[in-house]
Amino acid sequence: MIDELKANARCLGWGFLLAWVFCAFYSGSMDGLSMVVDAMGGGVARRLAMSVLPVGSAVVSLVVIVAAERRLGPPTNCRALVVAAPLAVTVTTPMLFLPAYGFAATPFLFAVSAVLTGAGSALMWVMWGQLYARLPQDAVESCAPASAFVAALLSIAAMAAPQGASIALVSAFPLVSGALLWRAWSETSASASADHASPPAAPLPLREAFGSMGRGGFGILAACMFVSIEGSFWASASADASHAVIIFVVSALFMAVVSVSATAGPRRVSLSFAYRWMCPLMVAGFAAIIVLGTKTGAFAAAGVGIASRFAFCVITQMYFASYAARGAATPVQSYAVGWLFVHVGDLLGLLVSFPLQGAIGAGAIEPSGVAAVLIVALVAAVMLALNDETRFLSWETPRSYAGAVCAASAAGADMTTGTGAAAGAVAGAGAAGEAEAGHLVLRPQSVRNAGGEGEGEGGSVSEAQAAGAAAASNASSSASASSSQNPQPVDSIGQRVALLAREHKLTPRETEVFGLLAHGRSIPYVRDALIISRDTAATHAKHIYAKLDVHSRQELIDLVMSDEL
């Protein structure tokens, strides 16, 4: 237990990387960029170019990482990159904010620093993603919010420090993150947890990898673009560090609420869930500019932007891990493509923000009019993203697998009533056709609709499922004849689950939960599989432990696998 806590604590190193990004580019606590621009002669064009260069470098690096995986493998295969990436970001970060002496030297040093920080941070995003993709789902759902909370605290500490100390402190964040990544990677088991489906045999082709998220990728891009634009209204209105501290405190609290809500209910670690709370909040931020004016309203909009970005980073970090765990893409592709959409959104936000703020500063347009147009554009982007019925809501119904466990349990316990046989046939057909080794599998919505999908515990059986049940019923005799000669692992475990459930008088729902736990599934997996809340899943597990007289999941698995049965 203590070793597990230590391992999870090292996974909080992602928070240091997140804190570096927020302090260096979002909080304004290290606003040394203006000094560099002044040293280069000033100008809006120069400021835009210098702001775009680090983000553009990260975008190019992420594309290269995805393309190189098919030939060179994941970045963590080269341990030198695990050391070099954080070291490069740490060394070059001060050069982004401390002006070099002399006009001729400044552009060169800044360009080199921007390229190295962009490339190094891109590698770190992907390598941390590889680590998170190896963790069980419950560990991901605890480490990601905790890391973001750590990032908020570190950001507040950096903003409270003098500028010189702040730059030194923030520059050390990537180095600490890299050290924790090294330790966590070496101590995390290379074998996938029971929550993970089989990964693709090989990385997806480049075009297929970039299109794998469908409009979900566009949704990520649009969200980050509008967040970036929303925060730009306050940058010129206030530079008070105390105001930024207030924003980050409120953002940390908001992020905690969103994280608890996302992990408490079933199937909420998704982009659609993120949009459900993010869109109204961002509309409120733009509306504040219209109602409260450019000073108070811009401050409120900046707060909304930072809070939305914090919470969105947590949701996407968990979503990318879930996306990779379900075999939709390799961990490198899942995180590299996901963060690529994030960075492209930031890049587009910068390209839109600079002309807008220049026009507002010149009095050519009114901030309230710009905010009204942005509200319309935001709603249109959200409608377009949420209208994707092929990949955006990427959940396969897992009822088939739960039914398969119960069907196998019923077979093992000689429960051959008519109702049990019919349920077993339907579940067996669904498990054979739609589940891969008992895992939740990503399927396009069109395929799910064709095959039928229960929306809840009371979902009805579709015609396609009935046809599958008939086929399974016709083949039942041959299947039962061969099962004794070639027993399947799920049947063996299902039979043991059925015997123990009957012996210890477990309820039908407890038997379903027991079947999933016996296969090593985590509580978040049970939550999503049975479409129940996390608390309900944990309560069922507690009752099962009490009835079976075990005290941990490992003891439960040992009991099921015991030869004494």
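Provided above is the structure to which this section pertains.
Residues numbered from 1 in each chain as written. Predicted model: local features only at pLDDT ≥ 70, side-chain atom pairs only at ≥ 80, totals over all residues. Heavy atoms only, no water.

(A) Unusual backbone geometry, seen in detail. One non-glycine residue, Lys505, lies in positive phi territory at about 60°. Checked against the element boundaries, Lys505 lands in the loop between helix 20 (489-503) and helix 21 (508-518). Owing to a relative accessible area of 66%, Lys505 belongs among the exposed residues under this scheme. Phi is positive for Asp549, which is not a glycine, with a value near 60°. Relative to the helices and strands, Asp549 is located in the loop between helix 23 (534-548) and helix 24 (553-561). (Helix = DSSP H or I, 4+ residues; strand = E, 2+ residues; numbered from the N terminus. Buried < 20%, exposed > 50% of the residue type's maximum accessible area, 1.4 Å probe, protein only.)

(B) Structural view of the environment of Ala111. Inspection of the secondary structure puts Ala111 in helix 6 (residues 105-134). Ala111 sits in the partly exposed class, given a relative accessible area of 29%. Put simply, Ala111 and Ser57 are 54 residues apart on the chain and 9.9 Å apart in space, counted from C-alpha to C-alpha.

(C) Structural detail: the pattern of salt bridges. The tally for this structure, following the rule as stated, stands at seven salt bridges. Note that Asp346 and Arg309 form a salt bridge whose closest N and O atoms lie 3.0 Å from each other. Highlighted residues: Asp346 in helix 13 (residues 331-361) and Arg309 in helix 12 (residues 271-325), separated in sequence by 37 residues. Here Asp346 and Arg309 have matching classes, each one buried. Between Arg527 and Asp528 there is a salt bridge whose closest N-O contact spans 3.0 Å. (Salt bridge = Lys/Arg side-chain N within 4 Å of Asp/Glu carboxyl O.)

(D) Molecular detail of the packing of aromatic side chains. Tallied over the entire structure, the rule returns 14 aromatic pairs. With a centroid separation of 4.0 Å and 10° between ring planes, the pair formed by Phe22 and Phe310 is classed as stacked. On the criterion of sequence distance, the pair formed by Phe22 in helix 2 (residues 13-26) and Phe310 in helix 12 is long-range, its members being 288 residues apart. Like Phe22, the residue Phe310 is buried in the burial classification. Through successive ring pairs, a cluster of aromatic residues spans Trp14, Trp125, Trp128, Tyr132, Tyr319, Phe320, Tyr323, Tyr335 and Trp339. It is Arg134 that lies over the ring of Trp185; its NZ or CZ is 4.0 Å from the centre. In this structure, Arg521 is placed above the aromatic ring of Tyr525, and the distance from its NZ or CZ to the ring centre is 5.2 Å. (Phe/Tyr/Trp six-rings, centres within 6.5 Å; stacked < 30°, edge-to-face > 60°. Lys NZ or Arg CZ within 6 Å of the ring centre and 35° of its normal.)

The values are spatial; any link to function lies outside them.
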